[in-house]
Amino acid sequence: PLRLALAGSLALQNRAAEVIAVTQSSLADAAGLPPWAQVPMLAQQSWARTYTGDPRAGETAARRGLAIAEQAGDAAMTVWALTALLVAVGRQGRFDEALAHARRAAALADSSRDARSLRLHPKLVLGLALFDCDLVHEARAAFRAALDDEFGTGWWLSDSLMADAQVSFVLGEW
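Residues numbered from 1 in each chain as written. Predicted model: local features only at pLDDT ≥ 70, side-chain atom pairs only at ≥ 80, totals over all residues. Heavy atoms only, no water.

Now, about the packing of helix α1 (residues 2-12) against helix α2 (residues 16-28): what can you tell me, with residues and values included?
Look at α1 against α2: their axes get within 9 Å of each other, and the N-to-C directions meet at 160°. Compared by their axis directions, α1 and α2 come out roughly antiparallel. Seen from above, α1 lies across α2 with left-handed handedness. Residues R3, L6, A7, L10 and A11 of α1 pack against E18, V19, V22, T23, S25 and S26 of α2. (Axes fitted to C-alpha atoms, helices over the stretch in contact; angles between N-to-C directions. Helix = DSSP H or I, 4+ residues; strand = E, 2+ residues; numbered from the N terminus. Parallel < 35°, antiparallel > 145°, perpendicular 65-115°, else oblique. Left-handed = near helix turned anticlockwise from the far one by under 90°. Contact = heavy atoms within 4.5 Å.)

Which residues make up the pattern of salt bridges, and what values do they have?
Applying the stated rule across the entire model yields 8 salt bridges. Here R103 makes a salt bridge to E138, at a shortest N to O gap of 3.2 Å. Here R103 is found in helix α6 (residues 95-112), whereas its partner E138 is found in helix α9 (residues 136-150), with 35 residues between them in sequence. For R103, a relative accessible area of 38% puts it in the partly exposed group. On the basis of relative accessible area, E138 is assigned to the partly exposed category, the value being 36%. Here D110 ties to K123 by a salt bridge, and the two come within 3.0 Å at their closest N and O atoms. Here D110, found in helix α6, pairs with K123, found in helix α8 (residues 122-132); they are 13 residues apart in sequence, far enough to count as distant. Overlapping salt bridges bring together E59, R63, R94 and E97 as one network. (Salt bridge = Lys/Arg side-chain N within 4 Å of Asp/Glu carboxyl O. Buried < 20%, exposed > 50% of the residue type's maximum accessible area, 1.4 Å probe, protein only.)

Go over the packing of aromatic side chains, please, and point to the residues and values.
Under the counting rule described, the total for this entry stands at 1 aromatic pair. The interplanar angle of 40° and the centroid separation of 6.1 Å between the aromatic rings of W47 and W80 together place this pair among those described as tilted. Here W80 lies in helix α5 (residues 75-90) and W47 lies in helix α3 (residues 35-51), a separation of 33 residues in the sequence. An identical accessibility class is assigned to W47 and W80; each is buried. (Phe/Tyr/Trp six-rings, centres within 6.5 Å; stacked < 30°, edge-to-face > 60°.)

I'd like a description of the nonpolar core, backed by residues and values.
Counting 43 residues, the largest nonpolar core has V39, W47, L86, L99, L126 and L130 as the members making the most contacts within it. Looking at this core, the elements with two or more residues in it are α1, α2, α3, α4 (55-72), α5, α6, α8 and α9. Leave out the neighbours within four places in its chain, and L99 touches L126, A129, L130, C133 and L135. (Core = buried A, V, L, I, M, F, W, Y, C linked by side-chain atoms within 4.5 Å.)

I'd like a rundown of the environment of R94, residues and numbers included.
Within the secondary structure, R94 is located in the loop between α5 and α6. For R94, a relative accessible area of 28% gives the class partly exposed. If we ignore the near neighbours within four places in the chain, the residues touching R94 are E59, R63 and V89.

Tell me about α4, and please be specific about residues and values.
With 18 residues, α4 should reach 26 Å at 1.5 Å per residue; the first-to-last C-alpha distance of 25 Å fits that figure. Turning to α4, its buried residues number three or more, namely P55, G58, E59, A61, A62, G65, L66, I68 and A69. For α4, the elements touching its buried residues are α3, α5 and α6. Once α4 ends, the next one or two residues include G73, with phi positive near 70°. (Expected span 1.5 Å × (residues − 1).)

Help me get a handle on the environment of A98, residues and values and all.
Looking at where A98 falls in the secondary structure, it is placed in helix α6. The buried category is assigned to A98, whose relative accessible area is 5%. Contacts of A98, omitting those with residues within four sequence positions, involve L86, V89, G90 and A129.

In structure tokens:
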């Protein structure tokens, strides 16, 4: 749990090289890590690799996490892995595939209502994937659904509000 928290903290500080180092060393001893720790580690590694210019390595890490999550049958872990995977494939220009992963993540989070899956705000991410595919009206609906989920949490409310405002601007409703 401490290394997982460290990886998350480093990620929030945009210290990708250190995130990769921590996740690599933690995953090297994967036999000692339970699936609930491996999947977020792989997701953090995927995001770090993707955002530092190696989305193929990010995709590999995310797919590994997805396999572990699906084998464990854990919806929240699957949402984590799918979110990492959609970012990695989206950064490679495979927007339709990213959208399919985003739709699946949002549907899983909706059906499970496991609070761990909502921390990644799958409806906000779905809205971003929809917007990447020029499905602006659907993106707006997803952003508004994200706002409904987030109301009262205070976590990403500003990001969802900003995304919804950008859609309004694109639609000429500003």
